Amino acid sequence: MSQPSSVPDHADAPEWWRSAVIYQVYPRSFADSDGDGIGDLPGITARLQHLADLGVDALWLSPFYVSPMADAGYDVADYRDVDPIFGTLADAEKMIAEAKELGLRVIVDLVPNHTSDAHAWFRAALAAGPGSPERARYLFRDGVGDGPPNGWRSVFGGPAWTRVPDGQWYLHLFDSGQPDLDWSNPEVREEFHDILRTWLDRGVDGFRVDVANALVKADGLPEWEHEHGTVDAEHAPMWDQDGVHEIYRGWRAVLDTYDGDRMLVAEAWVEPIERLARYVRPDEMHQAFNFDFLKAAWRSADLRRVVTTSLAANDAVGAPTTWVLSNHDVVRHATRLALPAGENPNGIRATDPQPDAALGLRRARAASALMLALPGSAYVYQGEELGLPEHTTLPDELRQDPTWFRTGGVVAGRDGCRVPIPWNAAAPAHGFSPTGATWLPQPDHFAHHAVDVQSGDPHSTLELYRAALALRRDLRLGEGAVDWVDGEADALAFRNGPLLVVTNFGVDPIALPDGAEVLLASGELGGARQVPTDVTVWVRG
Ligand code: NOJ
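Residues numbered from 1 in each chain as written. Predicted model: local features only at pLDDT ≥ 70, side-chain atom pairs only at ≥ 80, totals over all residues. Heavy atoms only, no water.

### Focus on the layout of surface pockets
Stage number 1. Of the pockets and cavities examined, the second largest pocket occupies roughly 660 Å³.
Stage number 2. At the level of elements, α9 (300-315) and α14 (461-474) are the ones that each hand at least two residues to the lining of the second largest pocket.
Stage number 3. Looking at the lining of the second largest pocket residue by residue, the classes come out as 14 nonpolar, eight polar and nine charged. (1 Å grid on protein atoms, 1.4 Å probe; cavity = no way out; pocket = protein on both sides within 12 Å on 5 of 7 lines; lining within 4 Å. Points joined across faces, edges and corners; volume = space filled by probe spheres on them. Helix = DSSP H or I, 4+ residues; strand = E, 2+ residues; numbered from the N terminus. Nonpolar A, V, L, I, M, F, W, Y, C, P; charged D, E, K, R; others polar.)

### Digging into the nonpolar core
Stage number 1. Judged by nonpolar contacts, the single largest core of 138 residues is most densely connected at Leu59, Phe64, Phe207, Tyr248, Trp251 and Trp538.
Stage number 2. Beyond its immediate chain neighbours, meaning those up to four positions away, Leu59 contacts Ile22, Tyr23, Val25, Ile44, Leu48, Leu51, Ala99, Leu104, Arg105, Val106 and Ile107.
Stage number 3. The next biggest cluster of nonpolar side chains, apart from the first, holds 16 residues, and it includes Trp152, Trp161, Leu173 and Ala236. (Core = buried A, V, L, I, M, F, W, Y, C linked by side-chain atoms within 4.5 Å. Buried < 20%, exposed > 50% of the residue type's maximum accessible area, 1.4 Å probe, protein only. Contact = heavy atoms within 4.5 Å.)

### Some remarks on the site of the ligand
Stage number 1. Every one of the 13 residues lining the ligand counts as a neighbour, but Asp71, Arg208, Asp210, His328 and Asp329 are closest to it.
Stage number 2. The side chain of Arg208 places a nitrogen or oxygen atom 2.9 Å from an oxygen atom of the ligand.
Stage number 3. For the shell around the ligand, a count of residues per class yields three nonpolar, three polar and seven charged. (Near = heavy atom within 4 Å. Polar contact = N/O pair within 3.5 Å; in protein donor to acceptor, adjacent residues only side chain to side chain.)

### Description of the pairing of strand β15 (residues 491-496)
Stage number 1. Of all six residues in β15, five are buried, a share of seventy percent or more.
Stage number 2. Where strand β14 (residues 483-484) and β15 come together, two bridges link them in antiparallel fashion. Counted as the bridge partner of Asp483 is Arg495 from β15.
Stage number 3. Where β14 folds back on β15, the antiparallel hairpin that results is connected by six residues.
Stage number 4. Two elements, β15 and strand β16 (residues 499-504), share six bridges in a ladder whose sense is antiparallel. Along β16, the bridge assignment pairs Asn496 with Leu499.
Stage number 5. The hairpin turn running from β15 into β16, its antiparallel successor, is two residues long, and Gly497 in that turn takes a positive phi close to 60 degrees. (Pairing = 2+ DSSP bridges.)

### Regarding the sheet that holds strand β6 (residues 140-141)
Stage number 1. Strand order across the open sheet formed by three strands is β6-β8-β7, with antiparallel pairing between neighbours. Edge positions in the sheet fall to β6 and β7 (161-163), since each has one partner strand and no second.
Stage number 2. Across two bridges, β6 lies against strand β8 (residues 169-171) in antiparallel orientation. Residue pairing across strands places Arg141 opposite Trp169, the latter belonging to β8.

### Points about the side chain of Asn150
Stage number 1. You can see Asn150 is positioned in the loop between β6 and β7.
Stage number 2. Relative accessible area serves as the criterion here: at 7%, Asn150 is assigned to the buried category.
Stage number 3. Separated by 3.2 Å, the side chain of Asn150 and the backbone oxygen of Leu221 make a polar contact.
Stage number 4. Those residues in contact with Asn150 that lie beyond four places of it in its chain are Trp161, Leu221, Pro222 and Glu223.

### Digging into the pairing of strand β13 (residues 377-381)
Stage number 1. In terms of residue burial, β13 counts as a mostly covered element, since five of its five residues are buried.
Stage number 2. Along β13, one buried face is formed by Ser377, Tyr379 and Tyr381 and the opposite face, lined by Ala378 and Val380, is buried too.

### Focus on the pattern of salt bridges
Opposite charge on two side chains allows them to pair when their charged atoms are near.
Stage number 1. Tallied over the full model, the rule gives 35 salt bridges.
Stage number 2. Notably, a salt bridge pairs Arg137 with Glu187, separated by 2.7 Å at the nearest N-O pair. On the criterion of sequence distance, the pair formed by Arg137 in the loop between α4 (120-128) and β6 and Glu187 in helix α5 (residues 186-201) is long-range, its members being 50 residues apart.
Stage number 3. On the basis of relative accessible area, Glu187 is assigned to the partly exposed category, the value being 32%.
Stage number 4. Connected through salt bridges with shared partners, the residues Asp71, Asp329, Asp401, Arg414 and Arg418 form a single ionic network. (Salt bridge = Lys/Arg side-chain N within 4 Å of Asp/Glu carboxyl O.)

### A look at the sheet that holds β13
Stage number 1. Overall, parallel pairing links the eight strands, which are arranged β11-β10-β9-β5-β2-β1-β13-β12 in an open sheet. Either end of the sheet is taken by a strand with one partner, and the two such strands are β11 (287-288) and β12 (322-324).
Stage number 2. Here strand β9 (residues 206-209) pairs with strand β10 (residues 263-266) via four bridges, running parallel. Residue pairing for β10: Arg208 is matched across the bridge by Val265.
Stage number 3. Lying over the sheet, α5 contacts β5 (105-110) and β9, oriented at roughly 155 degrees with respect to β5. (Axes fitted to C-alpha atoms, helices over the stretch in contact; angles between N-to-C directions.)

### Description of the domain arrangement of the protein
Stage number 1. Each domain of the protein was delimited in the assignment, giving domain 1 (16-112 + 186-466), domain 2 (120-171) and domain 3 (485-540).
Stage number 2. Placing the centre of domain 1 and that of domain 2 at their C-alpha centroids yields a distance of 30 Å.
Stage number 3. Between domain 1 and domain 2, the residue contacts involve 22 residues of the former and 17 residues of the latter.
Stage number 4. The contact between domain 1 and domain 2 buries some 1600 Å² in all, and 59% of this surface belongs to carbon and sulfur atoms. (Domains from an automatic or database assignment. Buried area = accessible area lost by both parts, 1.4 Å probe.)

### Quick word on the packing of α5 against helix α6 (residues 244-256)
Stage number 1. Running from amino to carboxyl end, α5 crosses α6 at an angle of 35 degrees, the nearest separation of the two axes being 10 Å. Judged by the twist between their axes, the crossing of α5 over α6 is right-handed. Along the contact surface, α5 presents Arg189, Phe192, His193, Leu196, Arg197 and Leu200, while α6 presents Glu246, Ile247, Gly250, Trp251, Val254 and Leu255.
Stage number 2. For the contact of α5 with α6, the class distribution of residues is seven nonpolar, two polar and three charged. (Left-handed = near helix turned anticlockwise from the far one by under 90°.)

Here it is in structure tokens:
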């Protein structure tokens, strides 16, 4: 598509992804155009101006493909088509075209570890029976005695195996509606090359690759009975196997045949960061989400260590470092940062201790201002620019995350970070949906966070993000470097280009250097230009 002259210059920058700010749209909760209470593609298109005004470079959309929604669309039944609840293929094409008109790149989600159990391949596998080529696209095995082939556990809780009527079992690292593909099968590899080409031909700028560390399993599926995330994930036979890298080299080769700097970003909860950096070697993906940063406790030493090791590990392979604080799988950082240092529960219930909202927002603003001053690429999850907190009192009977069901109601899961966005305080559903319908209820206090309430208010979180993103672009912070400034024990201070960035994690206020010009502050400064607790400032001089 030829671009009109009004498209901003930065949209054409080579290797744009190295310093890009990428906004995550969670389609079902962003904007609902037809009033059914579920966000959709025309809703996104109608709100693209919000993203252009915010000053981000690109949007990444969580899946909008045909799906029975066993895991909110991360169970894909047809990778090439749009689910009717989100619209049509024509709506997707319109959204991509209009984003480009505004100078916004578009990244779509790719879910290669598993399909939906409603995918034509899985249906054919069930019909064809044991030993068939149709079953060989998935990980079907005979059980041991009456039990499953091994003791692997699902990430969402319960066993990772489900039995089919003829007695065989299939592997699903997530929900039973998400059977794992067998990536040693060349047919699977060819199919995904074709899916990549389909969306590249439709004009997308890249792919976010779901559980990129899971596609290859250790030979023979050796025993592993631990719950995920609890024990020694580094040696688990289903995570981060060396064989995954060859797959991404193949994908990179596909992307490189296209013009326009298309990119791949890995979602891979891999530790240590040196192992994660292997996904972004020059002939593999372009970026990987930096979850060490997201998980870091709100302490200067912890954050300094994570920033330093992240930059070093990525520099070593020539990749940009990424930064992320929130997404659709974790407690929103405006709530998480009010929890005891480093705590990161999978959801919060009304019966749990309720985090201090004011403290969470204050720290979230400071954390975001710190993140947006760092070199590399930053990811912003929809609503964080509004300082939106987690919904921590969602009625249990409304929960939809499979985690809630598969743990028998022990783990709340991720619904609390997926609540529809408030656009207009006074409108039905706060402007999310014309009818007032919402697939999850918005708490009343969401009205205070609405875009129309915050727009133009210089103290609002929305204006803080707009100012930070404009400065980040003008001062080319994304292309800069971190130069630590030692001093106060409870502060994090660094220079990036012309900027000095200071975050105060301690109790005592920190005095700014004489003559320093304050360009941005995440909270009110004290007298004589003191930086108070849990505030980040950007100064020049
Ligand atoms: C990671 C996605 O972000 C998450 O939402 C999903 O449940 C799992 N992968 C499984 O696809």
